[in-house]
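Letter by letter, the chains look like this.
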Amino acid sequence: MKIRVGHLYPDYLNIYADRGNIAVLAERAGARGHELDVQAIGLGDPVPGEIDLFYVGGGQDREQALIAPDLAAKAEPLRDAAEGGAAFLAVCGGYQLLGRSYRDVAGDELPGIGLLPLRTVAGERRMIGDVLLDCDWAGETLAGFENHAGRTILDAGAEPLGRVVNGFGNDGTSGFEGCRYRSVYGTYLHGPLLPRNPWFADRVLSDALAHAGGPTELTPLEDGLEREAHMVSAERARARGGRF
Ligand code: GLN
């Protein structure tokens, strides 16, 4: 199968090499005989139809301010795509802008696209470090690294991506990290998120395959190195201790 990926603002939102997640998806898709067809969606570009997976990386306030009005103008086709079952993976700055709004460190209110039931307000203290999450909906854990000033507040009843075992998560107090809605996943976990969480990479892939009308079952891969990376990362988060 061909999996069509729309990479939103790759020139602006790629902090901590977030685009590496796409390399992981391409590799894991290829190992199962599928192919990723990645197209960039930049400033002023229309949202192509028939995208199976939208990807948005992280960025600082400055980059977010540069793309936020353009992204807001794309809100309707992006929300329609999500309702039609397209998968989304959004990291940090991208995650914040899938919500309703982000008030940045300077106090400026950036519009979001209102796809995820949340809003974000920047605080003074940055929340930085290794994170371990319990994703009971999947019976798995996620390990990664966070670095954000934004405090994300989920609406009542919204589903987090995971519960914080170690780290700050969405706001440092709620015990929630990220958000998921249909096949849309938003998280603060940066950079090498998918290399050390292969189950999550496969979850995103199979959601995208479902939208493409393909088989969603993925043959297991060996993943020895990936599991080791997960363990090392999880151990670092545990060594950090509790929250705040
Ligand atoms: N500007 C946002 C914040 O600091 C996002 C940062 C990021 O993507 N690392 O909260």
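What you see is a predicted model; the values in this text were computed from it and never measured.

A word on the pattern of salt bridges
Next up, step 1: Considering all chains together, one arrives at 15 salt bridges under this definition.
Next up, step 2: Between Lys 74 and Asp 70 there is a salt bridge whose closest N-O contact spans 2.4 Å. Each member of the pair, Lys 74 as well as Asp 70, carries the same accessibility label: buried.
Next up, step 3: Because the salt bridges share partners, they merge into one network encompassing Arg 28, Arg 32, Asp 202 and Asp 223.

Remarks on the nonpolar core
One recurring pattern in soluble globular proteins: nonpolar side chains tend to sit buried together.
Next up, step 1: By size, the foremost hydrophobic cluster in this structure holds 64 residues, and its most contacted members are Phe 54, Phe 88, Leu 142 and Phe 200.
Next up, step 2: When residues of this core are assigned to their parent elements, the largest contribution, 7 residues, is made by helix α5 (residues 198-212).
Next up, step 3: Excluding anything up to four places from it in sequence, Leu 142 contacts Val 131, Leu 132, Leu 133, Cys 135, Leu 161, Leu 189, Leu 193, Asn 197, Trp 199, Phe 200 and His 230.

Focus: the layout of surface pockets
Next up, step 1: Roughly 160 Å³ of internal volume is contained in the largest pocket.
Next up, step 2: Along its surface, the largest pocket is lined by Arg 28, Glu 140, Thr 141, Asn 197, Pro 198, Trp 199, Asp 202, Asp 223, Glu 226, Arg 227 and His 230.
Next up, step 3: Elements supplying a minimum of two residues to the lining of the largest pocket: β8 (140-154), α5 and α6 (224-240).

Details of the sheet that holds strand β12 (residues 184-187)
Next up, step 1: If you walk across this open sheet you meet the 6 strands as β2-β1-β3-β4-β12-β11, and the pairing is mixed. Every interior strand has two partners, whereas the edge strands, β2 (35-41) and β11 (179-181), have only one. Recorded for the sheet is a direction-independent mean angle of 15 degrees between the axes of neighbouring strands.
Next up, step 2: Strand direction decides the pairing type here: strand β3 (residues 53-56) and strand β4 (residues 87-91), joined by 4 bridges, are parallel. Bridging from a neighbouring strand, Leu 53 pairs with Ala 87 of β4.
Next up, step 3: Here helix α1 (residues 20-30) sits on the sheet in contact with β1 (2-8), β2, β3 and β4, set at roughly 155 degrees to β2.
Next up, step 4: Across the sheet, α5 lies against β1, β2, β3, β4 and β12, angled at about 110 degrees from β1, the strand it touches most.

Overview of the state of the cysteines
Next up, step 1: Applying the stated criterion to the full structure yields 0 disulfides.
Next up, step 2: Unpaired in terms of disulfides, Cys 179 finds its nearest cysteine sulfur in Cys 135, a separation of 13 Å.

Reading guide: rules and limits
- Residues numbered from 1 in each chain as written.
- Predicted model: local features only at pLDDT ≥ 70, side-chain atom pairs only at ≥ 80, totals over all residues.
- Heavy atoms only, no water.
- Salt bridge = Lys/Arg side-chain N within 4 Å of Asp/Glu carboxyl O.
- Buried < 20%, exposed > 50% of the residue type's maximum accessible area, 1.4 Å probe, protein only.
- Core = buried A, V, L, I, M, F, W, Y, C linked by side-chain atoms within 4.5 Å.
- Helix = DSSP H or I, 4+ residues; strand = E, 2+ residues; numbered from the N terminus.
- Contact = heavy atoms within 4.5 Å.
- 1 Å grid on protein atoms, 1.4 Å probe; cavity = no way out; pocket = protein on both sides within 12 Å on 5 of 7 lines; lining within 4 Å.
- Points joined across faces, edges and corners; volume = space filled by probe spheres on them.
- Pairing = 2+ DSSP bridges.
- Axes fitted to C-alpha atoms, helices over the stretch in contact; angles between N-to-C directions.
- Disulfide = S-S within 2.5 Å.

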